[in-house]
Amino acid sequence: MSGLSLLAALKAFDATARAGSMTAAARVLAIQQPTVSSHIQRLEVDFGVELFHRRGRRLELTSFGRTLLDYTRRTFSGEEDAHALLAAAKNQYVGRLVIHAIGPHNVLPVLKLFNVLPVLKLFMKQFPQVNVAVGVGDSRTITEKILDYQGDVGMVLNHVAHPDLFGAAYRTQRLVIFGNTQHPLAQRATLKLRDLQGQRFVIREEGSTTRRVFEQELKERGVEVQVALEMGSRESVREAVAEGLGLGVVAETAYRPDPRLVKLTISDTSMATQVHFICRKERHQAPLISIFLGLAHSVSQKIA
């Protein structure tokens, strides 16, 4: 298979894997479906590999296909970024930017996106021609989406180093301990971390960054608390605490004032999480991504 025909076949494979079917891939590539099918069949025959499992009309990537897709996404993502750069030079930055940001579900959008909104506002003011799409999720899911080329920029808590990711620190979020207004500790003006010894807590499930930072601080200080209840969202934690089922802990930016609740002042701790923006390492100089990260840096300097 020659260089050009191999490139066309790889494009057909990549588009099919992304779109989920050869028919959808044909629409993306503006070619006929039989051409897409022929390209993929030739790849499999010429190289003696199986790229898809055929489940009726549904296609599923084989193990080898998933590995090949990782390579083709790197290749063609670079091609797309090059095209975006040329288009930006010609059209004064037009295109689409997909952002995934941490945030609780089932609350007002402005509360969901508290951290990312200042950057979005600045970016959209400077580049009104760019179509921006924002999704909300947890840090783990967002990281997976960015690694899988399902978004351009992610905003996560406590970015974990990964060889394929570029990360930029954005802002620090102090952790807040809070309780029902009738809780015995709520009557005290200030507390020490040791005053939490033996207290019942309503806390997020395993894997929560806030929980990990909180438990690490307790472990280092020799304080033991009782995890009375695990909940799957910040909202459910808040409601359980409001009902008097235990104390809670959230990032300060996620705490919502409520007449049923009170923040506890812990004078001898500075527990905090760090918000980061992330993107694929090879894409951090792509035009729109680079601009967005630059604006995020300028915003972070103002709120530091």
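Given the structure is predicted, the values throughout are model-derived calculations rather than measurements.

Draft legend 1. Main features of the layout of surface pockets. Reported here for the largest pocket is a volume of approximately 620 Å³. Around the largest pocket, the lining is made up of 30 residues, and of these Asp138, Ser139, Arg140, Gly207 and Thr209 lie nearest the centre. Where the lining of the largest pocket is concerned, the elements lending two or more residues are helix H7 (139-147), strand S5 (153-157), helix H8 (209-221), helix H9 (234-242) and strand S9 (248-251). Roughly 420 Å³ of internal volume is contained in the second largest pocket. Together, 21 residues line the second largest pocket, and Glu80, Asp81, Arg96, Asp152 and Arg283 are the ones closest to its centre. Broken down by secondary-structure element, the contributors of at least two residues to the lining of the second largest pocket are helix H4 (63-91), strand S3 (95-102) and helix H10 (287-303). A per-element tally of the lining of the second largest pocket places H4 first, with six residues. Here the lining of the second largest pocket is built from residues that sort into 10 nonpolar, five polar and six charged.

Draft legend 2. Spatial organisation of the nonpolar core. Counting residues in hydrophobic clusters, the biggest one holds 31 residues, and the most contacted among them are Leu97, Val119, Phe123, Phe277 and Phe292. Of all elements in the fold, only S3, helix H6 (117-126), H7, S5, strand S6 (165-180), strand S11 (272-280) and H10 reach the threshold of two or more residues within this core. Counting residues per element, this core draws most heavily on H10, which supplies eight residues. Sequence-distant contacts of Leu97, that is, excluding residues within four places in its chain, are made with Phe123, Val130, Asn131, Val132, Ala133, Asp152, Leu288, Ile289 and Phe292.

Draft legend 3. Up close: the confidence of the model for the protein. In this model, the protein carries an average pLDDT of 87, and 93% of its residues clear a pLDDT of 70 or more. Confidence scores differ between elements of the protein, with helix H5 (residues 109-112) showing the lowest mean pLDDT of 39 and strand S10 (residues 261-264) the highest of 95. Throughout residues 105-113 the model reports pLDDT below 50, and contacts reaching past four residues in sequence, or to other chains, amount to 17 contacts.

Draft legend 4. Quick peek at the packing of aromatic side chains. Following the criterion strictly, the structure yields seven aromatic pairs and no others. Ring plane angle 50° and centroid distance 5.6 Å describe the contact between Phe13 and Phe52, whose orientation is recorded as tilted. Here the residue Phe13 occupies a position in helix H1 (residues 3-19), and Phe52 occupies one in strand S1 (residues 52-55), the gap between them amounting to 39 residues. A relative accessible area of 0% means that Phe13 is categorised as buried. A centroid spacing of 5.3 Å and a plane angle of 40° characterise the contact between Phe123 and Phe127, whose relative ring orientation is tilted. In this pair, the class of Phe123 matches that of Phe127, namely buried. Clustering of aromatic rings is evident, with ring pairs tying together Phe123, Phe127, Tyr170, Phe277 and Phe292.

Draft legend 5. Geometry of the side chain of Arg280. Inspection of the secondary structure assignment puts Arg280 in strand S11. Given the relative accessible area of 3%, Arg280 is considered buried. Looking at Arg280, its side chain comes within polar contact range of the side chain of Tyr149, at 3.3 Å. Not counting the four nearest positions on each side in its chain, Arg280 is found in contact with Arg74, Ile146, Leu147, Tyr149, Asp164, Leu165 and Phe166.

Draft legend 6. Broad picture of H1. Here H1 contains 17 residues, and its C-alpha end-to-end distance of 24 Å stays within 8% of the 24 Å for a straight helix at 1.5 Å per residue. Buried within H1 we find Ser5, Ala9, Leu10, Ala12, Phe13, Asp14, Ala15, Thr16 and Ala17. Gly20 sits one or two residues past H1 and shows a positive phi near 95°.

Draft legend 7. Local environment of the packing of helix H2 (residues 22-29) against helix H3 (residues 33-47). Between H2 and H3, the shortest axis-to-axis distance is 8 Å and the interhelical angle comes to 110°. Viewed along their axes, H2 and H3 adopt a mutual orientation that is roughly perpendicular. Contact residues: H2 offers Met22, Thr23, Ala25 and Ala26, while H3 offers Gln33, Val36, Ser37 and Ile40. Residue composition of the contact of H2 with H3, grouped by class: five nonpolar, three polar and no charged.

Draft legend 8. Expanded view of the pattern of salt bridges. Here the structure, examined in full by the defined rule, presents 16 salt bridges. Residue Asp148 is joined to Arg73 by a salt bridge in which the shortest nitrogen-to-oxygen separation is 2.8 Å. With Asp148 in the loop between H7 and S5 and Arg73 in helix H4, this pair connects stretches of sequence that are 75 residues apart. Judged by its relative accessible area of 10%, Arg73 is buried. As a salt-bridge pair, Arg260 and Glu239 come within 3.0 Å of each other at their nearest N and O atoms. One end of the pair, Arg260, is in the loop between S9 and S10; the other, Glu239, is in helix H9, and 21 residues separate them in sequence. Here Glu239 falls in the partly exposed class, since its relative accessible area comes to 33%. Residues participating in the shared-partner salt-bridge network are Arg238, Glu239, Asp258 and Arg260.

How each quantity is defined
- Residues numbered from 1 in each chain as written.
- Predicted model: local features only at pLDDT ≥ 70, side-chain atom pairs only at ≥ 80, totals over all residues.
- Heavy atoms only, no water.
- 1 Å grid on protein atoms, 1.4 Å probe; cavity = no way out; pocket = protein on both sides within 12 Å on 5 of 7 lines; lining within 4 Å.
- Points joined across faces, edges and corners; volume = space filled by probe spheres on them.
- Helix = DSSP H or I, 4+ residues; strand = E, 2+ residues; numbered from the N terminus.
- Nonpolar A, V, L, I, M, F, W, Y, C, P; charged D, E, K, R; others polar.
- Core = buried A, V, L, I, M, F, W, Y, C linked by side-chain atoms within 4.5 Å.
- Buried < 20%, exposed > 50% of the residue type's maximum accessible area, 1.4 Å probe, protein only.
- Contact = heavy atoms within 4.5 Å.
- pLDDT = per-residue confidence, 0-100.
- Phe/Tyr/Trp six-rings, centres within 6.5 Å; stacked < 30°, edge-to-face > 60°.
- Polar contact = N/O pair within 3.5 Å; in protein donor to acceptor, adjacent residues only side chain to side chain.
- Expected span 1.5 Å × (residues − 1).
- Axes fitted to C-alpha atoms, helices over the stretch in contact; angles between N-to-C directions.
- Parallel < 35°, antiparallel > 145°, perpendicular 65-115°, else oblique.
- Salt bridge = Lys/Arg side-chain N within 4 Å of Asp/Glu carboxyl O.

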